[in-house]
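Fold and contact review
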Amino acid sequence: IKDEINGPKGYCIIRMTDEELKQYREMIRRQWLYRIQLACPEVAHHFFDIEIDQYHTISDKLDHNKIWSKYTRVFLPWDIELIKSMSFMDRLRKDFGNLSFYMNTDLKREDMYWRLVRPGNQDIGPLHADEWFFDVGNVTMPEGSTATKVKLWISLYTNSNKNGLRVVPGSHKKIDEYKFKKVIRDGAPKPDFDEHSYDLDILHLDTTPGDVVVFNYSLLHGGIPGSDQTTRVSSEITVLTD
């Protein structure tokens, strides 16, 4: 894994077990329903009757942008412990040794979270490198830290090539060639990258639920604008290695 994410492509794909995929989905569903019931109790019953990948069909019953801030999608402490015990984490430990995880300093727990992306473009950001969020001061590492950051993107409800992850293979090797601006969006500094200004060889990854994409923190990547008629559900984790 280490050689692949630092090699020509900048990423590799491993898998969780079918049982772990089931557990992961159940964790998200519980948190999803609890948040809806808390924020919009009068419509919550509608969501109990559908699968989360059909969320977009009735998402107009609530204020999506208001209730789904990142803070509402960070996993609870006991769910984080379960994720850390899964087989794909053991695979990473075999390659990297001891792992630690980026800490959400506001919530005082590791920054493992999930995303809901409805069909269309409304929930999709442009291509970016996660390292840029540190460059603009959106997030910071503890002073004196020498840890290497590695990103995990986990497919939970996706359809291959239609609403998963897109990457620019090899872009981590020439990341300094790509220019971005620092902008304030949603009250926080973020990188703004015009992907259309570059001739990028963008690859839509052929992922299925249960796939874990492990990639270099400087790799250009982003969500695929949902061309499918299902809601994409994925999870993201920043792993810190020595």
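First things first, this report covers the structure right here in the doc. (Residues numbered from 1 in each chain as written. Predicted model: local features only at pLDDT ≥ 70, side-chain atom pairs only at ≥ 80, totals over all residues. Heavy atoms only, no water.)

1. Some remarks on the overall build of the chain
Worth spelling out the cut-off: In this description a helix means any DSSP run of H or I spanning at least four residues, a strand means any run of E spanning at least two, and both kinds are numbered starting from the N terminus. Computation of the radius of gyration draws on C-alpha atoms alone. For the globule rule, the value is 2.2 Å times the number of residues to the power 0.38. Any two residues having at least one pair of non-hydrogen atoms within 4.5 Å are treated as being in contact. Per-residue and other accessible areas follow the Shrake-Rupley method at a 1.4 Å probe size, with only the shown protein chains counted as cover for residues. Charge counting treats Lys and Arg as positive and Asp and Glu as negative, with His and both chain ends excluded. Working definition for charges: the position is that of NZ of Lys, CZ of Arg, CG of Asp or CD of Glu.
Along its length, the chain carries seven helices and 13 strands. A compact globule built from 242 residues would reach a C-alpha radius of gyration of about 18 Å, and the chain, at 18 Å, matches this within 12%. Along the longest, intermediate and shortest principal axes, the C-alpha atoms of the chain span 50 × 40 × 35 Å. A fraction of 80% describes how many contacts in the chain between residues 6 or more apart in sequence connect residues 24 or more apart. When the accessible surface of the chain is summed, it comes to about 12,000 Å², and 47% of that surface belongs to carbon and sulfur atoms. Each charge class in the chain can be summarised by its mean position, and for the 32 positive and 37 negative side chains these summaries are 2 Å apart.

2. Things to note about the nonpolar core
As a reminder, the rule being used: Only buried Ala, Val, Leu, Ile, Met, Phe, Trp, Tyr and Cys residues count toward a nonpolar core, and they belong to the same one when joined by side-chain atoms within 4.5 Å. The buried label applies to any residue whose accessible area, calculated with a 1.4 Å probe on protein chains only, is under 20% of its type's maximum; exposed applies above 50%, and partly exposed to all values in between.
Counting residues in each nonpolar core, the largest one holds 46 residues, and the members touching the most others are Tyr24, Trp32, Phe47, Phe88, Met89, Val214 and Ile237. By residue number, the principal contributor to this core is helix 2 (residues 18-39), which donates seven residues. Leaving out residues up to four positions away in the same chain, Tyr24 has contacts with Met16, Phe75, Ile83, Met86, Phe88, Ile154, Leu156, Ser235 and Ile237. In terms of nonpolar packing, the next biggest core, distinct from the first, is built from nine residues, Leu127, Val168, Tyr178 and Leu200 among them.

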